[in-house]
Amino acid sequence: MSVLLLMCVFVIADDPPRKQGDAPPAKKSDEPKKKAKKAKAPAGYEDAPEAGDPPAPRNAVVVEALEAPVVEGMAAEFEQLLALKVDANVANLEQQFLPQFIPLKTAELSFINRVCNLNLEQRKKLHAASDRCVKVAVRKWAMTQNGMRRVNLARGQQTLSDPTDLLHLAFANVLQETLQPEQQAAYDAEMKKREAHRKRVAIENVVAIIDERLALEFDQRQKLAESLDKHWQPNWVQSIEMLINNNHHLPSIPDQFVTPALNETQRQVWRTAQKQNYMVFGGFAWGQQPGPVDDFPLVENEVDLEKPSAN
Amino acid sequence: MRRKLENYRAMSAGRIKQRDDERLDNSTTATRRLHWVWLPGVLFGLMPLAMTSLAPAQDKAQAEEEELAIDEGFNVAESHFDQWLFGSQSSDHGLKRIESLLSLKVAAINRVCDLTEDQVAKLELAGQGDIKRFSDDVAVVRAKFMKVRRNRNAINNIFQEIQPLQARLHAGLFEQTSFFQKVLKRLLTDEQSSRYEQADWERTQYRYNAKLSLVVTMMERTMPLRAEQREQFIQVLKEETKPPKAFGQYDYYFVLYQLAEIPDQKLKPIFDEAQWKVLKQFAAQGQAMEASLKQHKVLP
């Protein structure tokens, strides 16, 4: 008789099968405790440098606002888009991205209402058209994503529009039909300023990333920012969210727009460094976004938007 | 007579021997019978104690068996370790990038502070010390990775060990607690220090201001702002928040955490009621990340 030893048999459930070589998912962090109210500066940061603007740059970076989107012919293009019979990949992508576009639509309708001070009839008209506009934007996004997955991205031949820009393009036609001229002018002015801001944000963060890797001087940062502003291409940063912490790769910008601002050592590092386009497949929302601003009243008794108390 | 006596004695001896043998046999048999009676009882009685004392050793042995067990068809190539850590296919390439960053950093300080040759040499040596320290830590984790790269369960634990190394790399090996910074502080004259701090402040502010604008842009996905509101909001953030001691992957949440600390009277006038509600949700997200920010040493 064999030796009397009981062995416990542990059955370990297998993880769902993963592809070989894929990084395992990171564990979720523990549930944080509710914190009590603290002093103004985070503890340990009392001696940190004061926030504020750095010394005024010698040559200000002038960011020119982009032109307003071309609207003519867009309505026909969008109808053709919606009429297309798409393949299963695109249909799946549409299903995947639609839930992300809906809160964008809600927020943007509220924005248009603030900027243009719409009346009830205008809001109803926009609301009635909004679902179709979202479908157009989602289809365009999905088709571009699907196309990019098949194209060699190193050639950089595809440009993925920002989802908010796609929505505004989709709304452009119905806005032209709905808004009064002064409302349209106010809306166009705000959109120009927003696009100019986004371009400036992209350039400043790209310069900051290059600075971190190449240790630029003050003058070099300014010179580089000017060069990028002059020659900026949207496909250099196709997803602005990717700039927030993806700074261990340099951006994929042609050498001729960067190297004139660098010294010889920095040029050597730039030329041999790995670069990327800051694009993302899949979702564009960063983390878990709060619910969108949603005040687009459609009831008979209009509710005035609460104006800011002081500007 | 004598022969009879001898025969008798022989016969008696034989009988005694036989008797003794029989007694011995009986005794052995009885003993054996006794063993079969008490031994299982003792074993069963002692078994829980034996299991308890043997359990840690068994668990360890079993754990080691599992750790080294090979899952058929599962094999993570060594290059994946380098990809996860350095973002490149080879550690040589990754380490060369770090060394080039050291050269650039020393050159940048030299431009600002006009270092002597001796100062440059000492700084480079200190930086090499930081690289060596990091490489040694990487080697330890790499050795563990090589042991478990064919085990589906164990590979998860290794990735938890790689992440702190990644964080160190992205935060920069020559910042804050590095040999490089310690040597730099002792090496520079007062005048050089002043110039260096000014340049460093400018760089940090540029980078932080760019991040603030980026965070606001990201928030505008769900809370679009008019141009005037946007500029005012960014200005308040610049005045009321501070840059992190080291930039990294938690910059977004670090800004949101500080957003929660800004007094309402400085922010509320900028937004209307619906925007204010969404803004408070962003601030709440930042506060909820406090534990993670402390865990990753973004907050003390």
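Look above for the structure.
Per-chain numbering applies: the sequence of each chain, read as written, is numbered from 1 onward. A letter from A marks each chain and a number from 1 marks each ligand, given out in the order of writing. Under the rules for a predicted model, residues below a pLDDT of 70 receive no local features and side-chain atom pairs below 80 are neither given nor counted, while totals for whole chains, interfaces and linings still include all residues. Hydrogens and waters are ignored; side-chain quantities use all the structure's heavy atoms.

1. As for the environment of phenylalanine 81 of chain B
Residue and element names in this part refer to chain B.
- Strands here are runs of E lasting at least two residues and helices are runs of H or I lasting at least four, both read from the DSSP assignment and numbered beginning at the N terminus. If you trace the backbone, phenylalanine 81 turns up in helix α2 (residues 78-86).
- Sequence-wise, phenylalanine 81 and valine 138 are 57 residues apart; in three dimensions their C-alpha atoms are separated by 9.9 Å.
- Whether two residues are in contact is decided by their heavy atoms: any pair within 4.5 Å suffices. When near neighbours in sequence (up to four residues on either side) are disregarded, phenylalanine 81 contacts Val138, Val141, Arg142, Phe145 and Ile162.

2. Focus: α2 of chain B
Residue and element names in this part refer to chain B.
- Burial in α2 covers these residues: Phe81, Asp82, Trp84, Leu85 and Phe86. Buried residues of α2, viewed axially, fall in a sector of 165°; they line one side.
- Next to the buried residues of α2 lie α3 (91-113), α4 (117-148) and α5 (154-171).
- Two residues or fewer after α2 comes glycine 87, characterised by a positive phi angle close to 75°. Burial classification: accessible surface area is computed with a 1.4 Å probe over protein chains only, and a residue below 20% of its type maximum counts as buried, one above 50% as exposed, and the rest as partly exposed. Each direction from the helix axis to a C-beta atom contributes to the arc, which is the arc of those directions.

3. Comments concerning the side chain of arginine 114 of chain A
- Looking at the element boundaries, arginine 114 of chain A is found in helix α2 (residues 88-116).
- Judged by its relative accessible area of 10%, arginine 114 of chain A is buried.
- As used in this structure description, the phrase polar contact means that two N or O atoms lie within 3.5 Å; if the pair is within protein, one of them must be able to donate a hydrogen and the other to accept it, and residues adjacent in sequence are counted only when both atoms belong to side chains. A distance of 2.6 Å separates the side chain of arginine 114 of chain A from the side chain of aspartate 272 of chain B, its partner in a polar contact.

4. Some points on the packing of α2 of chain B against α5 of chain B
Residues and elements named next belong to chain B.
- At their nearest, the axes of α2 and α5 sit 8 Å apart, and the two run at 45° to each other. In terms of axis orientation, α2 runs oblique to α5. Of the residues in α5, those in contact with Phe81, Trp84, Leu85 and Phe86 of α2 are Phe159, Ile162, Leu165, Gln166 and Leu169.
- Residues were grouped as follows: Ala, Val, Leu, Ile, Met, Phe, Trp, Tyr, Cys and Pro as nonpolar; Asp, Glu, Lys and Arg as charged; and all remaining residues, including Gly, as polar. Split by residue class, the contact of α2 with α5 holds eight nonpolar, one polar and no charged. In this analysis, axes come from line fits to C-alpha atoms, helices being fitted only over the stretch in contact, and the angle between any two N-to-C directions falls in the range 0 to 180 degrees. In this scheme, roughly parallel covers angles under 35 degrees and roughly antiparallel covers those over 145, while 65 to 115 is roughly perpendicular and the rest are oblique.

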